[in-house]
Amino acid sequence: MLEIIAADFEVESVAQEGKVSLLAAAKNECFHFVFYSEKGGYNELKQYFIHRFELASLLLNSAENKGKEYALLPSVDLVISFGEFPDPEEQTIGISHNGEKISFPLYGNSFGEILLADAKTLESVYEDSEKKTFRKKMITAITDNCPEDETSPLSRDALIVTAFEQHLIKPKRVWRNYSGVRAMLESELLDSLETDPYMMDNLLSSLPIVVGRTECDCGSEGCFFDMLKKAYDTFFIERDLLTNGEIDEQKVNLQFADLWSKLSPKQR
């Protein structure tokens with residue numbers, strides 16, 4: 001039965017304890033886990049996909065994680081744990097599903113060796129992330145429309161996950177087309193560069209209050225004309241907003257877009 005499951009799901013047998021078997025395989029940026037068990041006259045088959053970064057991160061800190069359990073998927077009680085052995089090469093890893101635990105050695109086990117290689121890859125990514133060029137390099141990898149300003153709303157942790165994925169999925173063009181993480185971060189980055197339509201609506205509705213005027217005669221003690229006038233005089237050139245003495249929406253958009261492009265994502 002295990003041979004059929006392995007062939008159908010394109011996974012390999014990792015370990016077996018009693019009537020419970022764990023099969024797994026690395027598939028691009030994820031691990032595909034398949035649990036097979038024989039219970040009371042019927043067979044149960046469950047499968048899950050876990051991002052390889054999660055396990056690599058835990059394994060990289062396995063010395064601190066020994067004897068501890070970490071939930072990979074709390075909703076289905078999928079838990080990982082590390083055995084306590086003084087010799088690193090005797091290290092075991094346990095994966096339990098609904099309370100049924102299967103342990104296997106990291107060394108001398110083909111799947112364990114993949115986990116170790118992932119941890120080593122992640123370690124090198126963390127080292128790269130300390131370099132000054134890391135942020136710009138990764139933003140350029142995420143999108144061709146990289147802003148000249150190297151600041152962005154993307155966190156260092158997000159860029160580290162992206163760099164880790166890039167090491168796993170080769171060649172680069174396949175990673176760019178395949179990675180859902182990359183696509184999500186590209187969308188976040190490009191959205192941060194776009195102007196807010198509500199901001200433009202507010203701008204166009206408030207400009208007539210101050211353009212072409214030097215003072216307000218409303219008589220209200222709470223009048224904010226002076227403050228608004230000073231703000232617009234600071235950021236906009238009035239003559240460049242007008243056509244035949246009237247506010248030109250297209251010119252407003254152009255002038256605002258120029259102002260927006262000069263701001264870093266943190267200033268927007």
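Scroll up to find the structure this text is about.
Computed from a predicted model, the values in this text were never measured in an experiment.

Would you mind going over the packing of helix H4 (residues 110-128) against helix H6 (residues 156-168) with me for this structure?
Helix packing geometry: the angle between the two helix axes and the distance between the axes. Running from amino to carboxyl end, H4 crosses H6 at an angle of 130°, the nearest separation of the two axes being 10 Å. Classified by the angle between their axes, H4 and H6 sit oblique to one another. As for how H4 packs across H6, the hand of that crossing is right-handed. Two secondary-structure elements touch here, H4 through Asp118, Thr121, Leu122, Val125 and Tyr126 and H6 through Arg156, Ile160, Ala163, Phe164, His167 and Leu168. When the residues that make up the contact of H4 with H6 are grouped by side-chain class, the tally is 7 nonpolar, 2 polar and 2 charged.

Would you take a moment to explain the nonpolar core for this structure?
Counting residues in each nonpolar core, the largest one holds 25 residues, and the members touching the most others are Phe33, Phe104 and Leu115. Beyond its immediate chain neighbours, meaning those up to four positions away, Leu115 contacts Phe31, Leu55, Leu59, Ile93, Phe104 and Leu106. Within the second largest apolar cluster, 21 residues are counted, among which are Phe134, Met138, Leu159 and Leu168.

Explain the sheet that holds strand S1 (residues 12-17) here, please?
Within a sheet, adjacent strands bond to each other through the backbone by hydrogen bonds, running parallel or antiparallel. The sheet built from 4 strands is open, its strands ordered S1-S2-S3-S4 with antiparallel pairing. Taken across any chain shown, the strands that pair with only one partner, and hence form the sheet edges, are S1 and strand S4 (42-51). Neighbouring strand axes in the sheet, compared pairwise and without regard to direction, differ in orientation by 20° on average. Where S1 and strand S2 (residues 20-27) come together, 5 bridges link them in antiparallel fashion. If you follow Ser13 over to S2, its bridge partner there is Leu23.

I'm lost on the sheet that holds strand S8 (residues 100-105) in this one. Help?
Across the sheet, which stays open at both edges, the 4 strands sit in the order S5-S6-S7-S8 with antiparallel pairing between neighbours. Strands with a single pairing partner mark the edges of an open sheet, and in this sheet they are strand S5 (69-73) and S8. Direction aside, neighbouring strands of the sheet carry axes that sit 25° apart on average. Summarising the sheet, S5 and strand S6 (residues 78-82) pair through 4 bridges and their orientation is antiparallel. Residue pairing for S6: Tyr70 is matched across the bridge by Ile80.

What is the right way to read the pairing of S2 from this model?
Put simply, side chains in a regular strand alternate between the two faces of the sheet. In terms of residue burial, S2 counts as a mostly covered element, since 6 of its 8 residues are buried. Here S2 pairs with strand S3 (residues 30-39) via 8 bridges, running antiparallel. Across the sheet, the residue bridging to Val20 is Ser37, located in S3. The hairpin turn running from S2 into S3, its antiparallel successor, is 2 residues long, and Asn28 in that turn takes a positive phi close to 55°.

Looking at this model, I keep getting lost on the pattern of salt bridges. Mind explaining?
Proximity of charged atoms lets side chains of opposite charge pair with each other. Taken as a whole and judged by the stated rule, the model has 4 salt bridges. Linking Lys131 and Asp128 is a salt bridge whose minimum nitrogen-to-oxygen distance equals 3.4 Å. Among the ionic pairs, Arg156 bridges to Glu130, the shortest N-O distance being 2.9 Å. Highlighted residues: Arg156 in helix H6 and Glu130 in the loop between H4 and helix H5 (134-142), separated in sequence by 26 residues. You can call Arg156 partly exposed: its relative accessible area is 34%.

What am I meant to see in the packing of aromatic side chains here?
To describe a pair of aromatic rings, one takes the distance between the centres and the angle between the planes. Applying the stated criterion to the full structure yields 6 aromatic pairs. With a centroid separation of 5.9 Å and an interplanar angle of 70°, the aromatic rings of Phe53 and Phe164 are classed as edge-to-face. Placement of the pair is Phe53 in helix H2 (residues 52-60) and Phe164 in helix H6, with a sequence separation of 111 residues. Overall, Phe53 belongs to the buried group, its relative accessible area being 17%. On the basis of relative accessible area, Phe164 is assigned to the buried category, the value being 0%. Ring pairs connect the aromatic residues Phe31, Phe33, Phe104 and Phe111, which therefore count as one cluster.

Conventions used here
Residues numbered from 1 in each chain as written. Predicted model: local features only at pLDDT ≥ 70, side-chain atom pairs only at ≥ 80, totals over all residues. Heavy atoms only, no water. Axes fitted to C-alpha atoms, helices over the stretch in contact; angles between N-to-C directions. Helix = DSSP H or I, 4+ residues; strand = E, 2+ residues; numbered from the N terminus. Parallel < 35°, antiparallel > 145°, perpendicular 65-115°, else oblique. Left-handed = near helix turned anticlockwise from the far one by under 90°. Contact = heavy atoms within 4.5 Å. Nonpolar A, V, L, I, M, F, W, Y, C, P; charged D, E, K, R; others polar. Core = buried A, V, L, I, M, F, W, Y, C linked by side-chain atoms within 4.5 Å. Buried < 20%, exposed > 50% of the residue type's maximum accessible area, 1.4 Å probe, protein only. Pairing = 2+ DSSP bridges. Salt bridge = Lys/Arg side-chain N within 4 Å of Asp/Glu carboxyl O. Phe/Tyr/Trp six-rings, centres within 6.5 Å; stacked < 30°, edge-to-face > 60°.

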